[in-house]
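Here is how the chains run, residue by residue.
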Amino acid sequence: MKDIILKASSIKRELVILLCCFAAAELLNLAAVIFYSRPAIELLSMIGYVIVFSIITYLLLWIPRLVALLIKKISITR
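The shown structure was predicted, so the numbers you read here are calculated from the model rather than taken from an experiment.

Thoughts on the pattern of salt bridges
Here is step 1 of the chain: For the coordinates displayed, the defined rule picks out three salt bridges.
Here is step 2 of the chain: With a closest N to O distance of 3.7 Å, Arg 13 and Glu 14 form a salt bridge.
Here is step 3 of the chain: When the shortest N-O distance is used, the salt bridge between Arg 65 and Glu 14 registers 2.4 Å. Here Arg 65, found in helix α3 (residues 47-77), pairs with Glu 14, found in helix α1 (residues 8-35); they are 51 residues apart in sequence, far enough to count as distant.
Here is step 4 of the chain: Residue Arg 65 is classed as partly exposed on the basis of its relative accessible area, which comes to 25%.
Here is step 5 of the chain: If you follow the salt bridges from partner to partner, you end up with Arg 13, Glu 14 and Arg 65 in one network.

See the structure below:
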């Protein structure tokens, strides 16, 4: 069985994408707190929902990235 080798640049890129998803989820949470006039402590108390939402967003972003990768692989082989 062959070893799987991950490049540091690909790991870094994925972490940046995940961090962007987390930042977007946190900004959405901030907007909801401001819009609904809730106390600021909800920014910390809802961190579990923010993390789940950011992971779901990250996984949903995989769909177009996977399609683009497949199209790229198909166009190279032709």
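Side note on the packing of aromatic side chains
Aromatic ring pairs are described here by two measures, namely the spacing of the ring centres and the angle between the planes.
Here is step 1 of the chain: Within this structure, the stated rule accounts for one aromatic pair.
Here is step 2 of the chain: Centroid distance Phe 35 to Tyr 36: 4.9 Å. Interplanar angle 85°. Geometry classified as edge-to-face. Each member of the pair Phe 35 and Tyr 36 is classed as exposed.

Observations regarding the packing of α1 against α3
Here is step 1 of the chain: At a minimum axis separation of 8 Å, α1 and α3 run at an interaxial angle of 130°. Classified by the interaxial angle, the pair formed by α1 and α3 is oblique. α1 and α3 meet at a crossing whose hand is right-handed. Along the contact surface, α1 presents Arg 13, Glu 14, Ile 17, Leu 18, Cys 21, Phe 22, Ala 25, Glu 26, Leu 28 and Asn 29, while α3 presents Ile 47, Val 50, Ile 51, Phe 53, Ser 54, Thr 57, Tyr 58, Leu 61, Trp 62 and Arg 65.
Here is step 2 of the chain: A per-class count over the contact of α1 with α3 returns 13 nonpolar, three polar and four charged.

Some points on the state of the cysteines
Here is step 1 of the chain: Applying the stated criterion across every chain yields a total of zero disulfides.
Here is step 2 of the chain: Between Cys 20, a cysteine without a disulfide, and Cys 21, which holds the nearest cysteine sulfur, the sulfur-to-sulfur distance is 7.1 Å.
Here is step 3 of the chain: A residue is classified by how much of its surface remains accessible, and Cys 20, at 47% relative accessible area, is partly exposed.
Here is step 4 of the chain: Look at Cys 21 and you get buried, because its relative accessible area is 5%.

Rules used throughout
- Residues numbered from 1 in each chain as written.
- Predicted model: local features only at pLDDT ≥ 70, side-chain atom pairs only at ≥ 80, totals over all residues.
- Heavy atoms only, no water.
- Salt bridge = Lys/Arg side-chain N within 4 Å of Asp/Glu carboxyl O.
- Helix = DSSP H or I, 4+ residues; strand = E, 2+ residues; numbered from the N terminus.
- Buried < 20%, exposed > 50% of the residue type's maximum accessible area, 1.4 Å probe, protein only.
- Phe/Tyr/Trp six-rings, centres within 6.5 Å; stacked < 30°, edge-to-face > 60°.
- Axes fitted to C-alpha atoms, helices over the stretch in contact; angles between N-to-C directions.
- Parallel < 35°, antiparallel > 145°, perpendicular 65-115°, else oblique.
- Left-handed = near helix turned anticlockwise from the far one by under 90°.
- Contact = heavy atoms within 4.5 Å.
- Nonpolar A, V, L, I, M, F, W, Y, C, P; charged D, E, K, R; others polar.
- Disulfide = S-S within 2.5 Å.

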